[in-house]
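# Tertiary structure, described
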Amino acid sequence: LGLALYAGSLCAVSGAAFLYHDYCVIGAGPAGLQAAYFLQRAGRDYIVFERSHAPGSFFALYPRHRKLISINKQYTGKSNSEFNLRHDWNSLLSHDRRLLFRRYSRDFFPNADAMVRYLEDFASLLKLQVQYNTAIIHVTLEKNEQAWNGHYFILTDQDRKNYKCSCLLVAAGTWVPNVVNFPGSEYVEGYETVSINPEDFAGQTVLILGRGNSAFETAENILGVTNFIHMVSRSRVRLSWATHYVGDLRAINNGLLDTYQLKSLDGLLEGDLEDLAIVKDKKGKLHITLRFYLENRNISAGIDSITLPQDELDNFATRAPYDRVIRCLGWKFDFSIYNRSLRMMPGKGNIKKYPQIKPSYESRGTRGLFVLGTASHSVDFRKSAGGFIHGFRYTTRAVHRLLENRHHGVPWPSTVYPITQLTNSIIKRVNEASGLYQMFSVLADIILLRENATAFEYLEEYPTGILAELEMQTGRKAQSGLFVIIMEYGRNFSGADKDVFYYNRAVGEAQHAWQSNFLHPVIYYYKRLPTEREMRLRPPDWPLPRPDAIHHIVEDFLTDWTAPNAHILPLRRFLENCLGTDLRNFFAESCFLFAFTRQKLPPSCQQGYMTMQGLVGSQELRQHAVQAGLLQDYTHTDFLGDRPPDSHDGSQEQLMRDQGIPVRPLQHLVNAKDE
Amino acid sequence: MSAQKDRWVSSLVFLLFCACSIPRSGSASLQQEPSPQHYFSALEAGKASLAFFTPTVSPGSHLFLEQIESSAEALQDYGISVVKVNCPKEDVSRYCGKENALRKAFLFRGHKLIREFPTDALFDLDSIVANVLFALLFNEVKYVETLADLENIENVLKGKSNMVFAYVPATGTAEHRAVMEAAFVYGTIHQFVLTTEAALLKATSLDDPDVSSAWLLFCHCQQATEPGQPCRRTALAQPLTLLNIHRHLKLMGAPLVTEVVEDPEKISTVHLQLGLPLVFILSQKETYEADRRTAEFVAWQLLGKAGVALLSRDLVHLNVLHRSNVALKTPHEGMPIQYLVLEDTDEVITLVENKNKVKQIQEDEQEEEEEEDEDEKENNNQDIQDDQVVEAVARDKKRELPLEQILVLTEENFHSSLSEAARTVVLFYASWEAVSLAVLHSYCEVAAHLKGTPGVLLSRVNCWDWPGLCSQENVTQFPTLRIYKEGQQSVTYGGMWGAEELSSFILLSQVSCPLKLATMDEAEGYLRGEFPSELSSQQHTSLLGVFSTATSEARETFEEAGNILSGHVRMGMYFEDDALALSQKYSVSPPALLLARSGGHGVEGITLSKPSLQDMLQMIRYQLLDKFPEITVPNLPQYLQLGKPFLILFSAGDISQVESKEMLKLAKGKPQQEFVACWLNLKKTPVGYGILRTYFPTTPSLPVLLWVNLHAGGQVFKFPSEQSITEMNILSWLERLQAGLEIPSSTLSEEDWKPPLPAYDFLQMMEHSVPHPGDTPAQHPPKSPGGDTAGGDTASREEPSQQSTAEEAASPGRGLRGTAPRMAARDKQGKRHSEL
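Residues numbered from 1 in each chain as written. Chains lettered and ligands numbered in written order. Predicted model: local features only at pLDDT ≥ 70, side-chain atom pairs only at ≥ 80, totals over all residues. Heavy atoms only, no water.

## A look at the overall build of chain B
Scanning chain B for helices and strands turns up 28 helices and 30 strands. In chain B, which comprises 836 residues, the share counted as buried stands at 50%. Restricting to contacts in chain B with at least 6 residues of sequence separation, those with at least 24 account for 72%. (Helix = DSSP H or I, 4+ residues; strand = E, 2+ residues; numbered from the N terminus. Buried < 20%, exposed > 50% of the residue type's maximum accessible area, 1.4 Å probe, protein only. Contact = heavy atoms within 4.5 Å.)

Structure (structure tokens):
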């Protein structure tokens, strides 16, 4: 009894100190709510912490000018809900059809307030467990052998309240503004606070630092009232329609490019912001100079003593003084709340604003810590859509599936089909799947072949980066080879400096499909699962290691890959040759003939006709097949007549022969000899 | 087989190479233009050269010069150089001076002038090679004009060597060239005789030959001894090409009959290598002499068509019937040797000739395919649809289906529609998928057929439009047909996708399964097929479970089985108080099954033990099978599932009463467990002709009774047509058959179902392309300039290829890509529908 009491009191003590949940999610933005949805559906013990009083606090403030640049397409001419998600970049995934973004805004580029309302509804209608007004200010680890990952996560909020979790999902986004420090940077206004009223800029000359969508959005707003706007950044402008990356400059905001190229005073400049310095003159005008001119001077000494570039180079580009300088340099992840033991490290190079994570979205530093949403974009930065709602809604689902397998023994969902459905299942997915389409080259559908290739297992939207760990991560077995289905753009098509409008940019013929430029399905065939080493050593630009065979379905203007001859036939031939079998469909009559004349039957007869599910076909259809020379008509045969021996078996040979191949004279000896 | 062909092509090329490599002198092109002095001083003794003389300032005759130049390479193979000699202006020597000499070509051997050719005799490559070789091989190739000349030569050759006699309609033709080229190689072995006299050809052959085409006869004079008799002749049956002549001569050189003392599976002769069959005459010590004579006789008949070997059964252990006397080995790899019992040598010959006919056609195809491969990929038939279902649906796409009777269901109206009708039939399909659409065709027919049937609502869901609905209804494959009944679990259809079967399923599903019968009258009416009235029009075997109140366990199993078989089987049950009386009427006691077949053969009673559900299902399915069924396309799988051999009677129409009775007796007899006795009505199931054609070279006289081992070995045996079909005869035949005393007429192919055609090898294409940074992907390498007639030295050869690469660079991907968007597909469409 004493022991029981003791145990009970221990529970009570720990209960008071830590509120425990299996899963803790930081941030109730789109990614946090999306994760919460999947955890809720799976019946998991979870909690979401949100520092604000409502979900989506980032969208309550940003974008400053309130126009979202994610498209909200109302009509596609199709009722296929999965397909329509391809063109709905704002909705989160749920089973509730009320929670489609097109019910919240009719604008093609909706107002950010609609997003705030949407997220509020998403959290409340689905009854997600969100604890508002809870800002997590510190995260640390508590070692424990029993814990799922060998440690618990201890989260501390602004009221010093502690929470304990087995698994931490960080969906905090990137919200810390990027700031550069240079002499005179105190004169610079930030995007976060700058006025959005164009009146305030009337007759002013403005310099904008940065060249992303926020910079152009700011410029767009005041373009009509300023004297002129100059925009400076280190790198050249990257246009999203040239790079096929939605994070680059979108056409909706690029009015300044127009006025620049038409010489209407506005302009773009390239230069390193670190070299810059700004000095203010007596009239309050801001002059651009270079840091090295100021090296030994006190900036407060006054403008007269400072050298300006135009003193030496009298046609220096930014010699005109500015009234305002605005900083629009984007955001970075808040690394400050993580204890050093979590080893949350920034990435290297152009992904330093994101924490380092593996392709499985797990932190490189801490097991059991997963990064979701925008902060997870290092996996596919400047490649795919993982930093945006229409991308991370799928990667969040993928992480959830990985966790279900790892902690709850629920293997990755899959469907088993007979091999006759192989072509169909691929065609169905490449035509409607939106996760494959948005997260091109990052998420892949996997087909695991069963023994003897009579059946296969279909897994949807698995992260390509962890293909080598497939068996461990999904709980499924890949023993007899696999197909990996992804979508790709042409290898040399996209890029900031590429001309994406050149003539003959689109491929029409199936046999040249590998040269397709626009997004198209690609199927990789592996006889066995690639190893981690092969994944590491894959050729540059290849999302996957060298396969045993590869197939491209030729790009399609309508992204409709259901054409029987251009799309399905070459795919079938590819699959047939990988499996070494014949995947054609046969009418019951053909199967009947094969059953009597061959010891083996093709899969379509084996799995259809022989199980009493033969395709009888209507009279007209059989007639068409006869006319095509693919089916023999025996009704009018004179059975006593001695038919030419070529028609003796009307099956295989017949299928091949009657296709009007002209009979050409045999090659002459002259040619044979020359070889 | 193509490997074999390669082998002998290469051996021929090698021969030619040997023949010409000795005098070969390097460059294969036209020699540079020397002056007459240089030319004559450079002539080597014994070396032939063809020269023509032109003034420095050429007046023309370009066509002739081009032909001469192009022949240089061909003649080089025979050690003949072709030289263009430049005549200086002032030269007035024999060859340069005279005006008409300039329009001639001169053939020298060493310094000796052999022939001069007028330029009009050298009109093209064939004529140049033919005429030049003809002149050089003057001694080796005799030209004859009369029959007497020919006979003289023949008589001289008798006992010494063989003769090749060729007729060509004219000299200078391609056939003439082929003969001369063959003579160049074989001239020392055989005597070549040539004629252009049509009269001579007619005189030498028995039939009336077509004098407009060339002929070649191989005359076996070496073995001929009698002076009066002409030598035996074997005509070349193929067109006269060097390849065919070479093959023919090779075959004629092979021994007439090969004696074989090893395993025939391992044997390989020149015939097999050349793609011809090999006939074995099975011999024994006692009959050796006679067998040898037979073999020789057959060999002469088959000369050029097949090889003949004499296989001694005493020396080689053969695991075949003792009666077998002939075996046939085909050149196809992996094809087993066929052992046969033949009565007559003619049968052997017919057999081989039939085989050859098939082979010839296949070869032609293969050749075509090979040519296809050599051609550009565009011409490949990979992109031609070979799926009968897809193609049939594609050809029908312009026709609008009569879908008015079928309700379209969507995510919005699905559940509300289901609650409206008593039962709703739903076809789940995908509008892009061929099999789905084919089923939709049949479904339309069903709709037309069932129009006005009360209480049945036909509907469809396009899963391409409503994937959410389909996955919610757990539909993972297309097509899926389900019947939703109010308040009950839906039933998924699992039968043939024909209109008839679908209609029957929908109608049978109208009544519950099993149907509970309340009175004795109902039960009797049910067995007669009159009750319930909804089903009275249906021809179905009725199954009635009779249970006493004590046997509820068996009844529950029966009900479960009914749920599974719902829509496929007509099932009723009766468990009223007088159940015992009902069952005793059919001399069984409950629990029992009463079975009334649709034909009206009375009612069978079967006592039920205490079976499991699986046993019950299997038992019901088995009981529903007919004892002597007519096999049709839809019902074959049911009988195949039994896994037994088929004893099947093919009949041109309905079978006669007598046959039917005999067969039924047989089927009901003791061995019924061992095979499926059945028949096939060729009128109703015409595809049966296709089966017979596969089994027999010619359709046998009908009716024909066959034993088909569908599951083991695949042998097909034919019941002797001279015997009448009676139970006794069949049983004794079956005994002989099982004792291995009969020879199968045919064996079912064991071939696997391989991919019908290769796929595009994109991996290879991608690896071959050298990515140009910032450019479009590289094209296929330009076609090799080999074989073009640009001639000249290597430097001038390189030029065109450079040019072509420059062109490609200027317009990247030309010919590969259409403009985007391409409004209309060009040639593709035309090619696809050329047959329409």
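## Digging into the domain arrangement of chain A
All names here are of chain A. Looking at the assigned domains, one finds that chain A contains domain 1 (19-174 + 332-402), domain 2 (185-327) and domain 3 (415-579). Placing a centre on the C-alpha atoms of domain 2 and another on those of domain 3 gives a separation of 45 Å. Listed by partner, the interface residues are 7 residues for domain 2 and 11 residues for domain 3. Both faces considered, domain 2 and domain 3 share a buried interface measuring about 660 Å² in area, 63% of it formed by carbon and sulfur atoms. Viewed at the interface, domain 3 and domain 2 are joined by 0 salt bridges. Summed over the shared surface of domain 2 and domain 3, the result is 3 residue pairs in polar contact (both at pLDDT 80 or more). Here the side of domain 2 that touches domain 3 is built from residues that sort into 3 nonpolar, 2 polar and 2 charged. (Domains from an automatic or database assignment. Buried area = accessible area lost by both parts, 1.4 Å probe. Salt bridge = Lys/Arg side-chain N within 4 Å of Asp/Glu carboxyl O. Polar contact = N/O pair within 3.5 Å; in protein donor to acceptor, adjacent residues only side chain to side chain. Nonpolar A, V, L, I, M, F, W, Y, C, P; charged D, E, K, R; others polar.)

## Considering the sheet that holds strand 14 (residues 338-340) of chain B
Residue and element names in this part refer to chain B. Judged by pairing direction, the sheet is mixed, and its 5 strands sit side by side in the order 10-12-11-13-14 without closing on themselves. Taken across any chain shown, the strands that pair with only one partner, and hence form the sheet edges, are strand 10 (257-260) and strand 14. Each strand of the sheet is rotated relative to its neighbour by a mean of 25 degrees, with strand direction disregarded. Here 3 bridges tie strand 13 (residues 326-329) to strand 14, and the two strands are oriented antiparallel to one another. Bridge pairing in strand 14 places Leu328 opposite Gln338. (Pairing = 2+ DSSP bridges. Axes fitted to C-alpha atoms, helices over the stretch in contact; angles between N-to-C directions.)

## Describing the side chain of A:Asp266
All names here are of chain A. The topology assignment puts Asp266 in the loop between helix 8 (255-261) and strand 11 (267-270). In this structure Asp266 is buried but unpaired, with Lys263 as the nearest side chain of opposite charge at 11 Å. In this view, Asp266 contacts Leu223, Phe228, Ile229, His230, Leu256, Thr259 and Tyr260; residues no more than four positions away in its chain are not counted. (Lys, Arg positive; Asp, Glu negative; His and termini not counted.)

## Side note on the pattern of salt bridges
Scanning the model with the defined rule gives 41 salt bridges over all chains in all. Among the salt bridges present, the one from A:Glu620 reaches B:Arg399, with a minimum N-O distance of 3.1 Å. Note that A:Glu620 is positioned in helix 18 (residues 619-627) and B:Arg399 in the loop between helix 13 (388-395) and strand 15 (407-408), a pairing that runs across two chains. Judged by relative accessible area, which is 34%, A:Glu620 ranks as partly exposed. Ionic pairing is found between B:Glu742 and B:Arg736, a salt bridge with its closest N-O pair at 2.5 Å. Exposure remark for B:Glu742: the relative accessible area of 17% places this residue in the buried category. Judged by its relative accessible area of 35%, B:Arg736 is partly exposed.

## Brief notes about the sheet that holds strand 17 (residues 456-462) of chain B
Residues and elements named next belong to chain B. A sheet is described by the order of its strands in space; here 5 strands give the open sequence 15-17-16-18-19, paired in mixed fashion. Each edge of the open sheet is held by one strand with a lone partner, namely strand 15 and strand 19 (491-492). Along the sheet, helix 17 (residues 499-508) contacts strand 16 (423-429), strand 17, strand 18 (480-485) and strand 19; its crossing angle with strand 18, the most-contacted strand, is approximately 15 degrees.

## Remarks on unusual backbone geometry
Note the cis peptide between A:Tyr62 and A:Pro63, where omega equals -10 degrees. Structurally, A:Pro63 is set in the loop between helix 3 (57-61) and helix 4 (81-85). The amide bond that connects B:Phe478 to the next residue, B:Pro479, takes the cis arrangement and shows omega of -15 degrees. Mapped onto the elements of the fold, B:Pro479 is located in the loop between helix 16 (467-472) and strand 18. Non-glycine residue A:Asn504 carries a positive phi angle of around 60 degrees. Positionally, A:Asn504 belongs in the loop between strand 20 (482-488) and strand 21 (506-507). Residues other than glycine seldom take positive phi values, yet A:Met612 does so here, at roughly 70 degrees. Position of A:Met612 among the secondary structure elements: in the loop between helix 17 (603-607) and helix 18.

## With respect to the packing of aromatic side chains
Residues and elements named next belong to chain B. Tallied over the full model, the rule gives 48 aromatic pairs over all chains. Here the aromatic rings of Tyr493 and Phe505 are separated by 4.6 Å at their centres, their planes lie at 55 degrees, and the arrangement is tilted. Here Tyr493 is found in the loop between strand 19 and helix 17, whereas its partner Phe505 is found in helix 17, with 12 residues between them in sequence. By the burial criterion, Tyr493 is buried, and Phe505 matches it. (Phe/Tyr/Trp six-rings, centres within 6.5 Å; stacked < 30°, edge-to-face > 60°.)

## With respect to the environment of B:Thr424
All names here are of chain B. In this fold, Thr424 is placed in strand 16. On a C-alpha basis, the gap between Thr424 and Ser312 in space is 73 Å, while along the polypeptide they are 112 residues apart. Setting aside its immediate chain neighbours within four residues, Thr424 contacts Ser417, Leu418, Leu457, Ser459, Arg482, Ile483 and Tyr484.

## Re the nonpolar core
Residue and element names in this part refer to chain A. Counting residues in each nonpolar core, the largest one holds 102 residues, and the members touching the most others are Val139, Leu155, Leu169, Ile446, Leu467 and Val484. Looking at this core element by element, the count peaks at 8 residues for helix 5 (residues 112-125). Two domains share this core, each providing at least three of its residues, namely domain 1 (19-174 + 332-402) and domain 3 (415-579). Beyond its immediate sequence surroundings of up to four residues, Leu169 is in contact with Tyr23, Cys24, Val25, Ile26, Ala35, Leu39, Phe370, Leu372 and Leu403. (Core = buried A, V, L, I, M, F, W, Y, C linked by side-chain atoms within 4.5 Å.)

## Overview of the state of the cysteines
Following the criterion strictly, the structure yields 4 disulfides over all chains and no others. The disulfide partner of A:Cys591 is A:Cys605, and the S-S distance across this bridge is 2.0 Å. Taking the sign of the S-S torsion, -80 degrees for the link of A:Cys591 and A:Cys605, the bridge is left-handed. Placement of A:Cys591 in helix 16 (residues 588-597) and of A:Cys605 in helix 17 is noted, with a sequence separation of 14 residues between them. One disulfide bridge connects B:Cys463 with B:Cys470, the sulfur atoms lying 2.0 Å from each other. Its torsion about the S-S bond being -90 degrees, the disulfide of B:Cys463 and B:Cys470 is classed as left-handed. Each member of the pair B:Cys463 and B:Cys470 is classed as buried. (Disulfide = S-S within 2.5 Å.)

## Here's the deal with the side chain of B:Asn709
All names here are of chain B. Tracing the backbone shows Asn709 in the loop between strand 27 (704-708) and strand 28 (715-718). By relative accessible area, which is 16% here, Asn709 ends up buried. Setting aside residues no more than four positions away along its own chain, Asn709 makes contact with Pro645, Gly714 and Gln715.

## Observations regarding the packing of helix 13 of chain B against helix 15 (residues 434-449) of chain B
All names here are of chain B. It is at 9 Å that the axes of helix 13 and helix 15 come closest, and there the two elements cross at 60 degrees. If you check the angle between helix 13 and helix 15, you find them oblique. As for the relative orientation of helix 13 and helix 15, their crossing is left-handed in sense. Together, Val389, Val390 and Val393 of helix 13 and Ala434, Val435, Leu437 and Ala438 of helix 15 make up the contact between the two elements. (Parallel < 35°, antiparallel > 145°, perpendicular 65-115°, else oblique. Left-handed = near helix turned anticlockwise from the far one by under 90°.)

## Remarks on the packing of helix 5 (residues 125-136) of chain B against helix 7 (residues 174-186) of chain B
All names here are of chain B. Running from N to C, helix 5 and helix 7 cross one another at 40 degrees; their axes reach a closest spacing of 8 Å. Relative to helix 7, helix 5 is oriented oblique. Viewed along their axes, helix 5 and helix 7 form a crossing whose handedness is left-handed. Taken together, the residues of helix 7 that come into contact with helix 5 (itself represented by Leu125, Asp126, Val129, Ala130, Asn131, Leu133 and Phe134) are Ala174, His176, Arg177, Met180, Glu181 and Phe184. Per-class residue counts for the contact of helix 5 with helix 7 are 8 nonpolar, 2 polar and 3 charged.

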